[in-house]
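The lines below spell out each chain.
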Amino acid sequence: MITEVPCPAARDEPGGDGTRIGVDVTFLCMDRQPPGLPPALPDGYTIRPVTHPTVGWYREMYDAVGRDYCWWLRRLMSDAQLANLLADPGIGVHVLYEGDRVAGFCELDARYSPDVNIAYFGLLPAWIGRGVGRIFLHQMIARAWQAHPAAVRVNTCSADHPRALPNYLRAGFLKVRTVREIWDIPDALGLPLPRRLRVA
């Protein structure tokens, strides 16, 4: 399921043609590694790191997973900016497959030592509700801890699926704080922004 997809906790500067939305962003932290092994993936599923993701492939993945959940900041980056980001050794992209079909992806960001951040996480729509999202999350938490960070962090917001925050809490994350943010999202991005989030 796509309930674990975090929206980026950042605010675009006002200006230009855009739609203003208000979101509650919750920051979470896990300061100790969960005991034991994560639950195993169902038969037929694998997680594979993508060592050299191309800009085009990444944009397609980012849109397929995050379009309905206000993923927008990476859309504002130029191809050159995004290529530089993806080439950074601190960025790790991992893809969930069912057989040879892409089911979801996770991006781990270890650029800000000593912590690792789950920057993006989610499933493609066809895999929502199958129960694999929870296992994928636990698997990626285990991979984040392989870097021996001081903590693993993630954030989610009220533009996400309503089960996003409960899923993170059940996985062992603790709330750090919740802040209200106002985002001005350019209309040119063509995102389906929920009316419940729109502000004057």
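Thresholds applied
- For every chain, the first residue of its written sequence is number 1, and the numbers climb from 1 along that sequence.
- Only residues with pLDDT of at least 70 get local features here, since the model is predicted, and only at 80 or more are side-chain atom pairs given and counted; chain-wide, interface and lining totals rely on the full set of residues.
- Think of the side-chain values as coming from all heavy atoms in the structure, minus any hydrogens and water.
- Each helix corresponds to a stretch of at least 4 residues labelled H or I by DSSP, and each strand to a stretch of at least 2 residues labelled E; elements are numbered beginning at the N terminus.
- Atoms counted for the radius of gyration: C-alpha only. Globule rule: 2.2 Å times residue count to the power 0.38.
- Partly exposed describes any residue whose relative accessible area lies between the buried limit of under 20% and the exposed limit of over 50%, with all areas from a 1.4 Å probe on protein chains only and scaled to the type maximum.
- We call two residues in contact when some of their heavy atoms are within 4.5 Å.
- Note that His is not counted, nor are the chain ends; the positive residues are Lys and Arg, and the negative ones are Asp and Glu.
- Just so you know, the charge point we use is NZ for Lys, CZ for Arg, CG for Asp and CD for Glu.
- For this quantity, the arc is that covered by the directions from the helix axis to the C-beta atoms.
- A side-chain nitrogen of Lys or Arg and a carboxyl oxygen of Asp or Glu constitute a salt bridge if their distance falls within 4 Å.
- Per-residue confidence from the predictor is reported as pLDDT, a score between 0 and 100.
- Angular values range over 0 to 180 degrees, each being the angle between N-to-C directions of two axes fitted as lines to C-alpha atoms, with helices fitted over their stretch in contact.
- Working rule for angles: under 35 degrees goes down as roughly parallel, over 145 as roughly antiparallel, 65 to 115 as roughly perpendicular, anything else as oblique.

### Observations concerning the overall build of the chain
- Secondary structure assignment for the chain yields four helices and seven strands.
- Listed by position from the N terminus, the elements making up the chain come as β-β-α-α-β-β-β-α-β-α-β.
- The C-alpha atoms of the chain give 16 Å as radius of gyration, which agrees with the globular expectation for 200 residues (16 Å, within 12%).
- Dimensions of the chain, computed from C-alpha atoms along their principal axes, come out at roughly 50 × 35 × 35 Å.
- For the chain, the proportion of its 200 residues judged to be buried stands at 48%.
- Considering only contacts in the chain between residues 6 or more positions apart, those separated by 24 or more positions represent 76%.
- Positive and negative side-chain charges of the chain, numbering 22 and 21 respectively, have mean locations separated by a distance of 5 Å.

### Considerations on helix 2 (residues 79-87)
- Among the residues of helix 2, Leu82, Leu85 and Leu86 are the ones counted as buried. One face of helix 2 carries all of its buried residues, which in axial projection span an arc of 95 degrees. Away from the buried face of helix 2 by more than 90 degrees, exposed residues Ala80, Asn84 and Ala87 are located.
- Tucked into the core, helix 2 has its buried residues touching helix 1 (55-66) and strand 3 (91-98).

### Regarding the pattern of salt bridges
- For the structure on display, the rule yields ten salt bridges.
- Arginine 67 is the partner of aspartate 63 in a salt bridge, and the nearest nitrogen-oxygen pair spans 3.7 Å.
- Residues participating in the shared-partner salt-bridge network are Asp63, Arg67 and Arg75.

### Things to note about unusual backbone geometry
- Residues serine 113 and proline 114 are joined by a peptide bond in cis, for which omega reads 15 degrees.
- Following the sequence through the fold, proline 114 ends up in the loop between strand 4 (101-109) and strand 5 (115-123).
- In this structure, cysteine 70 is a non-glycine residue whose phi angle is positive, near 60 degrees.
- Judged by its relative accessible area of 1%, cysteine 70 falls in the buried class.
- Here the phi dihedral of histidine 148 falls at roughly 55 degrees; this positive angle occurs in a residue that is not glycine.
- Assignment of secondary structure puts histidine 148 in the loop between helix 3 (132-145) and strand 6 (151-157).

### What to know about the confidence of the model for the chain
- The predicted model of the chain has a mean per-residue pLDDT of 91, with 92% of residues at 70 or higher.
- For the stretch residues 1-15, pLDDT sits under 50, and the model shows 79 contacts to residues farther than four places along the chain or on other chains.

### Observations concerning the packing of helix 1 against helix 2
- Closest axis-to-axis distance for the helix 1/helix 2 pair is 10 Å, and the angle between their directions is 90 degrees. Taken as axis vectors, helix 1 and helix 2 run roughly perpendicular relative to one another. Between helix 1 and helix 2, the contacting residues are Val55, Tyr58 and Arg59 on the first element and Asp79, Leu82, Ala83 and Leu86 on the second.

### As for helix 4 (residues 164-171)
- Every buried residue of helix 4 is listed here: Ala164, Asn167, Tyr168 and Ala171. Buried residues of helix 4, seen end-on, are gathered within an arc of 95 degrees and therefore sit on one face of the element.
- Looking at the buried positions of helix 4, the neighbouring elements they touch are strand 1 (18-30), strand 5, helix 3 and strand 6.
- Looking one or two residues beyond helix 4, the residue adopting positive phi is glycine 172, at roughly 115 degrees.

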